[in-house]
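Letter by letter, the chains look like this.
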Amino acid sequence: MDEQALLGLNPNADADFRQRALAYFEQLKISQDAWQVCAEALAQRIYSDDHIKFFCFQVLEHQIKFKYSELTEVQQQLIRETLITWLQAQMVNPQPEKTFIRNKAAQVFAMLFVTEYLTKWPKFFFDILSVVDLNPRGVDMYLRILMAVDAELVDRDVVHTSEEARRNTLLKDTMREQCIPSLVESWYQILQNYQYTNSELTCQCLEVVGAYVSWIDLNLIANERFINMLLGHMSVEVLREEACDCLFEIVNKGMDPVDKTKLVESLCQVLQSAGLFSIDQEDDVDFLARFSKLVNGMGQALIASWTKLVKSGDMKSAQDTLQAIEAKVALMLQLLIHEDDDISSNIIGFCYDYLHILKQLSALSDQQKTNVEAVMLAVMKKLTYDEEYNFENEGEDEAMFVEYRKQLKLLLDRLAQVSPELLLASVRRVFNTTLQNWQTTRFMEVEVAIRLLYMLAEALPVSHGAHFSGDVTKATALQDMMRTLVTSGVSAYEHTSVTLEFFETVVRYEKFFAVEHQHIPNVLMAFLDHRGLRHTNAKVRSRTAYLFSRFVKSLNKQMNPFIEDVLNRIQDLLELSPPENGYQALLSSDDQLFIYETAGVLIVNSEYSAERKQALMRNLLTPLMEKFKVLLEKLMMAQDEDKQMALADCLNHAVGFASRTSKAFSNKQTVKQCGCSEVYLDCLQTFLPALSCPLQKEVLRSGVRTFLHRMIICLEEEVLPFIPSASEHMLKDCEAKDLQEFIPLINQITAKFKTQVSPFLQQMFMPLLHAIFEVLLRPAEENDQSAALEKQMLRRSYFAFLQTVTGSGMSEVIANQGAENVERILFTIIQGAVEYPDPIAQKTCFIILSKLVELWGGKDGPLGFADFVYKHIVPACFLAPLKQTFDLADAQTVLALSECAVTLKTIHLKRGPECIQYLQQEYLPSLQVAPEIIQEFCQALQQPDAKVFKNYLKVFFQRAKP
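Residues numbered from 1 in each chain as written. Predicted model: local features only at pLDDT ≥ 70, side-chain atom pairs only at ≥ 80, totals over all residues. Heavy atoms only, no water.

Where an unreviewed UniProt entry is consulted, the protein appears under the name Exportin-T, with the organism given as Alligator mississippiensis. UniProt lists a comment for the protein under the heading Sequence similarities (unreviewed entry), and it reads "Belongs to the exportin family." Its UniProt record, at the heading Function (unreviewed entry), says of the protein: "tRNA nucleus export receptor which facilitates tRNA translocation across the nuclear pore complex." (UniProt positions renumbered as here; feature names shortened; annotations may be inferred.)

Following this line, the structure appears as structure tokens:
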């Protein structure tokens, strides 16, 4: 072996050595006999360095996985002997191997098992057992090999081909017949031998039992001697977590519902008599989390049995099972209410399914009603934040609590389905009690009280948020609580969680203000002062900006009395923060977008005259335009790159804010009707010069482009005079990304204005195409992935542009570009359909070809086009799907094939019998297609139902491909 290269295997080696080691590994993988050197090194224990041993196993693994069939019988025998020799050495080595080497060795054993068990090595496990016997190091390897075999055969995370899945089924069937009983016996012996002397091996063995139980005969494990031993382990501190998991797997095993109920019940009796149900006596939370998972498994298993029994009509057994379920509810509740969230979280599944049963029963017993109430109280208690929750710097623990809260919310929703009246009454009681004394109550209790009111909105669903009409009891209760919320003064509570919950709830129940609009001014003030948009906490300010915009939109006409006041009060929040002097604005530019949108909505939805609306909109946008001009001049002069970037960002924000105000307009309230066209045209004239700025092009162009997209929608044809010069600037010094983002703008104009923009399109068509071709033909590094991706995306955009032009009835724009250009364009479409393995682009190309054939493919089409159809379009419909890269199992590719079928159908439609004759006599024979298949193909093509031909074409190419 290359000793120098091996030095690079050490993780601390420098980069050159590591590079050399990697290259050496690749070299050994291809080499014919390198694996033998590695096998010898392992068997003879030539190297003591762990990384080299690991490396040798990797080479062997590669040989077994990819090149095993190339080996002779003798060589295969050598690999088996090497592994057994290495295993024997494990018993006598002075030091055990490192864990990572033992795991890798186990994987190699498992790989060999999968390859040889059915043919060459049926005694695989017996040979290993005869070597290891009960030697602790040998047993450790044996158990690791079993786990590796299980991972190969049943690991759900590994995606297997159908061939591998069939092989794995056969392996499991053969193992069940030939060796599983002996393996189970060996596990029993290991457990019995080591349960008191070697907890590590015992836990490993329990893990193996848990893994295998899902696919072997349960009776081998679920019997008296095994279960008694496992129950014994439940009272041994170092074993009980693993024993718990093992019992969980046993309970989880699919089986007959009556048997399952018996199994779970017998387990429960023993666990209960062993004192394991006394949760309050137990302080080991890790064990309790596993135990909770076990109880959850037992509960869900019983519920699954009950469902099956009810379905099959066995009401007697179903009743017995329901009693068994009810008997576990007290334990379930103890675990649900446990202060440790992991323990509580693990039992939620059982709790959720239990409520689902109650929902199906026609009437609830008193005990069941009590249970529902207990679950409700538990959920309310567990929703509460604890003292340790860090609101300023949320980490992993906080994220886990947020996830846990989502689970509790599902329980609350389920409770609402079982007993909406009870839920409403309970929430109302907690809410009123808490809000009466909010000043003296801890923040977490105030937060949860408001949170519960918020959650009722989803738990008690209504259409379109109409919580305050319909069912009188419910509407009154919710209205009372909302009134209390907005009049109690709780919005002044000094904790961010309470503040945020207040605003979230106010917005969630915006329909309340239609019923009691007298409360609107108070809530608006809360949004606008130190409680909301001017809060000391940035997170609160940010969220409030979004919620404020939603609140104002939802109130619509009810905002009329307050419009000018609100606009005055938010004036300072609309200021464009200059990029200099480290000025710290209250809101980020993202938050300001919401404030601008809100201002726009207030103006547009007001009942003012068009003149007044225009004046207010001008007041809103003029400061932005003035700032924009000043900043653009500064940018032109700026030398320092950081300063340039900061200025460009600021300019971009100004454009973005102006853009955002236009979201307020709608079909009913257009820019014209509101008299605001002039203001936005002024904005356009102010922003467009930024396109010719040579600095920070990407940032500036992207902002102005977005603004143009909005203006095309809002100003309609009034925007057209600005488009030619804007396009000219945007096509200068283009990169792939610029073009890719510019094309959708042209597509939008083309699709919207169609023939109105025909002269403009004619004029800019070839300049745009030249810019695209120039970028696509630029040489790039062979392995530059991002450049390749950019080109692929640009190619897609180019074809999308041609699709828009042809699809908008503007094909004459292409036809008028001169014969040479037209030909070049047509060839790029053929190339896109056939050459590039990109099904999205291929689909677009076939759509364009179908359209062109439809427009030009008749008798009066352009000169020479019929020839082009037969020489290039027909062949493309066959050459593309015949390529190896055209994967008929891929959904996007099937869509491309579907468009290919449309193209062929369109050719037949336009050219008639002549097309059939060409396929029958010339083209298909040239592909060596058999005469009867040609006949079949032409018949399918002539079917009136296009779907028949699409289905046929897929089968045709599946047969044609090797």
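1. Quick word on the domain arrangement of the protein
As far as domains go, the protein holds domain 1 (283–385 + 396–418), domain 2 (421–458 + 475–556), domain 3 (559–577 + 586–690) and domain 4 (818–961). Its C-alpha centre places domain 2 at a distance of 30 Å from the equivalent point of domain 3. Summed over both sides, the interface between domain 2 and domain 3 buries roughly 1700 Å², with carbon and sulfur atoms accounting for 71% of that surface. When the area that domain 2 buries against domain 3 is broken down by residue, the three leading residues are Arg534, Val552 and Asn556, summing to 28%. Connecting domain 2 to domain 3 are two salt bridges. Notably, a salt bridge pairs Arg534 with Asp572, separated by 2.5 Å at the nearest N-O pair. Applying the counting rule to domain 2 against domain 3 returns seven residue pairs in polar contact (both at pLDDT 80 or more). (Domains from an automatic or database assignment. Buried area = accessible area lost by both parts, 1.4 Å probe. Salt bridge = Lys/Arg side-chain N within 4 Å of Asp/Glu carboxyl O. Polar contact = N/O pair within 3.5 Å; in protein donor to acceptor, adjacent residues only side chain to side chain.)

2. So, helix α13 (residues 240–252)
Three- or four-residue spacings in an α-helix give side chains the same orientation, since the helix completes a turn every 3.6 residues. In this model α13 runs 18 Å from its N-terminal to its C-terminal C-alpha over 13 residues, within 8% of the 18 Å that 1.5 Å per residue would give. The buried fraction of α13 amounts to 10 of the 13 residues, a majority that puts the element mostly inside the structure. Taken residue by residue, α13 has Arg240, Glu242, Ala243, Cys244, Asp245, Cys246, Leu247, Phe248, Ile250 and Val251 as its buried positions. Residues of α13 that are buried make contact with α11 (199–212), α12 (224–233), α14 (257–273) and α15 (285–312). (Helix = DSSP H or I, 4+ residues; strand = E, 2+ residues; numbered from the N terminus. Expected span 1.5 Å × (residues − 1). Buried < 20%, exposed > 50% of the residue type's maximum accessible area, 1.4 Å probe, protein only. Contact = heavy atoms within 4.5 Å.)

3. Section: the packing of aromatic side chains
What the rule picks out here adds up to 51 aromatic pairs. Joined through ring pairs, the aromatic side chains of Phe468, Phe502, Phe503, Tyr509, Phe512, Phe513, Phe527, Phe548 and Phe551 make up one cluster. Sitting over the face of the ring of Tyr608, Arg612 holds its NZ or CZ atom 5.7 Å from the ring centroid. Residue placement shows Arg660 over the ring face of Phe594; its charged tip is 5.0 Å from the ring centre. (Phe/Tyr/Trp six-rings, centres within 6.5 Å; stacked < 30°, edge-to-face > 60°. Lys NZ or Arg CZ within 6 Å of the ring centre and 35° of its normal.)

4. Some words on the side chain of Ser426
Along the polypeptide, Ser426 turns up in helix α21 (residues 420–436). With near-sequence residues (within four places) excluded, Ser426 lies in contact with Met376 and Met380.

5. Some thoughts on the UniProt feature "domain: Exportin-1/Importin-beta-like" (unreviewed entry) in the protein
Taking the UniProt record as the reference, the feature "domain: Exportin-1/Importin-beta-like" (unreviewed entry) is found at residues 99–247. Structurally, residues 99–247 is divided into 74% helix and 0% strand, and its ends, taken at the C-alpha atoms, are 27 Å apart.

6. A few points about the pattern of salt bridges
Under the definition given, this model contains 49 salt bridges. Arg290 is the partner of Asp245 in a salt bridge, and the nearest nitrogen-oxygen pair spans 2.6 Å. In this pair, Asp245 is assigned in helix α13 and Arg290 in helix α15, connecting sequence segments 45 residues apart. You can call Asp245 buried: its relative accessible area is 16%. Given the relative accessible area of 27%, Arg290 is considered partly exposed. Lys382 is the partner of Asp341 in a salt bridge, and the nearest nitrogen-oxygen pair spans 2.8 Å. Of this pair, Asp341 sits in helix α17 (residues 341–346) while Lys382 is found in helix α19 (residues 366–382), placing the two residues 41 residues apart along the sequence.

7. What about unusual backbone geometry?
Residue Asn556 is not a glycine yet carries a positive backbone phi of 50°. You can see Asn556 is positioned in the loop between α27 (538–555) and α28 (563–569). Exposure remark for Asn556: the relative accessible area of 34% places this residue in the partly exposed category. With a phi angle near 45°, Lys754 is a residue other than glycine that sits in the positive phi range.

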